[in-house]
Amino acid sequence: MRVLASEVDFNTYDVIVAGSGLASYAMAKRLGVHGKSAIMLETGEAQYNDDIQSDFAQIYGRGHLDGSHWPLHWVRAMGGTSAVWAGYCSPLIDRNFRQWPITRSDLDPYYKIAAGYLGRPDPFLTYSSAFEPGFVYRPISTEDPLRLIREPQLYDQLPATDLALGATLSHLHPREDRQGIEAISIYTLDGGTRRIDLRPGQVVVLAAGAMGNAQILLSSQSETGPAVGNENDQVGRYLMEHPHFPDCAKLIGNGAFQFPTVPEGFGELTALLEPDQDLYRQIGELEVSVALYPGKFISEDPVETMFASKWGDGAVAYGIIVRAEMDAEPENRVTVREGTDPAGLRKLRTDFHIGARSFRAVDTFLETLGERLIAADTGRLRMSNEEIMFGVTGGGHTLGTTRMGANPKTSVVDADCRVHRYQNLFVAGSSVFASGGHANPTLTIMALAARLGDKLGVINEV
């Protein structure tokens, strides 16, 4: 149900959530299973508004991705960044959790729940098949995306959950002992600000995206200590993206180049190759994947023309997009700069550089794939060094900034997504990622949020 933040009685809710995207949605559905109530606070309105977006998502950026990149994937409107999600879905695999305090098995039941929320069949969660030596075929699910801004009725169907539009969680007020949050401030688009004193048992969840979560914490500076959750100077660190290398290679194959058959009911997909365990170690234990899209032979290209003639009707061409993982580095970070948005939240600065290891991993992966195709005589791969070195961009996957970990000196939240030390403050979304893998993060975001919803449904604080 839609409510006005300026009029609602916040003491009636078990959980107060900053954000209205897919993380909030998945968490609210699980909270409802446990009979818990929640209110979502969304800065934007029911429809996208350019003025709100520009007022509330200003970033100055340095490095590989400048300040124009990050706001494109920090949408200030109902449904958050689901408004621009392309619908790609793939889970993280076991080895991607090496730096996390949880494992893939901890998320397995929640991956199934998240897939159900998205209307996806189960096979894509576990399917993979051996391909050429060194490579695994693990296609991406590409069904239509769930964009909450287009389906507002889904909010009305959430049990015991209300949505307040035009409302921003603008400040967290810590208790004197820093063991919890005693109050929050909420700004509304009419210019008013309310302080809400939390009752015993109430919980606050930040689900405002990797930029928004860091912004709220870093802006909650007190007169007697550091910003909330930043007692060890970790908020904003470990900023990550998935480096994307579009058009950096092209694959042409003959009739023997065939993808394995996926299980019945898999659904719409994009073909994708990733390294097997041996190649994964060889490229430095960073993920690299190749998504293959149907392409065309270029008649003016003598090499392609030669192979097309040699292979005849069985010849195929594929365009390639490479997606890679980057190291989680503390120097890649979000910090606050001078100035505030209308809610009083500090404006942000990013410092972001993709390390050499990611470029080497991509280069080695593609060279190895080309060698395997030649050895098997199933195809050829053409690489563009220029596109690899200078054509890198981001996938719109903002990760890190409130990293999950067991050690408060190198992380912000624990394995339960609770901010270290703070009994009633939690974080949901991609900001808790300890590493990125190569998979689009939406499914994992929702799985983590559903897991958090279950935990909040049973802990004593709620």
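Quick caveat, the model's predicted, so the values are computed rather than measured.

Visitor: For this particular structure, what's the right way to read the sheet that holds strand 17 (residues 333-340)?
Guide: Backbone hydrogen bonds are what pair the strands of a sheet, in a parallel or an antiparallel way. An order of 4-18-17 is seen for the three strands of this open sheet, with the pairing classed as mixed. Two strands close off the open sheet at either side, each with one partner strand: strand 4 (59-63) and strand 17. Here the strands of the sheet are splayed against their neighbours by 25° on average, with no regard to which way each runs. Where strand 4 and strand 18 (residues 346-352) come together, five bridges link them in parallel fashion. By the bridge assignment, G61 is partnered in strand 18 with T350. Helix 5 (residues 209-219) contacts strand 4, strand 17 and strand 18 of the sheet and is inclined by roughly 120° relative to strand 18.

Visitor: Would you mind going over the pairing of strand 11 (residues 193-197) with me for this structure?
Guide: On any regular strand, side chains alternate: one points to one face of the sheet, the next to the other face. In this sheet, strand 11 lies alongside strand 10 (residues 181-188) in antiparallel orientation, the contact comprising five bridges. Counterpart to S185 in the pairing with strand 11 is R195. A loop of four residues connects strand 10 with strand 11, the two strands running antiparallel in sequence, and G191 in this loop sits at a positive phi of about 100°.

Visitor: Which parts of the structure should I look at to understand the environment of S219?
Guide: You can see S219 is positioned in helix 5. Of the residues examined, S219 reaches a relative accessible area of 9% and is grouped as buried. Separated by 161 residues in the primary sequence, S219 and R380 place their C-alpha atoms 53 Å from one another. Excluding residues within four positions of it along the chain, S219 makes contact with H171, L345 and R346. Within the structure, the side chain of S219 is placed 2.8 Å from the backbone oxygen of Q215, a separation counted as a polar contact.

Visitor: Explain empty space enclosed by the protein here, please?
Guide: Take a probe with the size of a water molecule and roll it over the atoms, and the empty space left behind shows itself. A complete count under the given rule lists three cavities of 30 Å³ or more for this structure. Of the volumes computed, that of the largest cavity is approximately 70 Å³. What lines the largest cavity is Y88, S90, R138, I140, L272, R323, H397, H438, A439 and N440. Residues of the lining of the largest cavity, tallied by class, amount to four nonpolar, four polar and two charged.

Visitor: I tried to follow the packing of helix 3 (residues 104-117) against helix 10 (residues 442-458) on my own but got confused; where do I start?
Guide: Two packed helices can be described by the angle between their axes and the distance between those axes. The N-to-C vectors of helix 3 and helix 10 enclose an angle of 110°; their axes lie 8 Å apart at closest approach. Relative to helix 10, the element helix 3 lies roughly perpendicular. On helix 10, the residues touching D106, L107, Y110, Y111, I113, A114, A115 and Y117 of helix 3 are L443, T444, M446, A447, L448, A450, R451 and D454. Counted by class, the contact of helix 3 with helix 10 contains 12 nonpolar, one polar and three charged residues.

Calculation notes
Residues numbered from 1 in each chain as written. Predicted model: local features only at pLDDT ≥ 70, side-chain atom pairs only at ≥ 80, totals over all residues. Heavy atoms only, no water. Pairing = 2+ DSSP bridges. Helix = DSSP H or I, 4+ residues; strand = E, 2+ residues; numbered from the N terminus. Axes fitted to C-alpha atoms, helices over the stretch in contact; angles between N-to-C directions. Contact = heavy atoms within 4.5 Å. Buried < 20%, exposed > 50% of the residue type's maximum accessible area, 1.4 Å probe, protein only. Polar contact = N/O pair within 3.5 Å; in protein donor to acceptor, adjacent residues only side chain to side chain. 1 Å grid on protein atoms, 1.4 Å probe; cavity = no way out; pocket = protein on both sides within 12 Å on 5 of 7 lines; lining within 4 Å. Points joined across faces, edges and corners; volume = space filled by probe spheres on them. Nonpolar A, V, L, I, M, F, W, Y, C, P; charged D, E, K, R; others polar. Parallel < 35°, antiparallel > 145°, perpendicular 65-115°, else oblique.

Take it as geometry only, folks, not as evidence of what the structure does.
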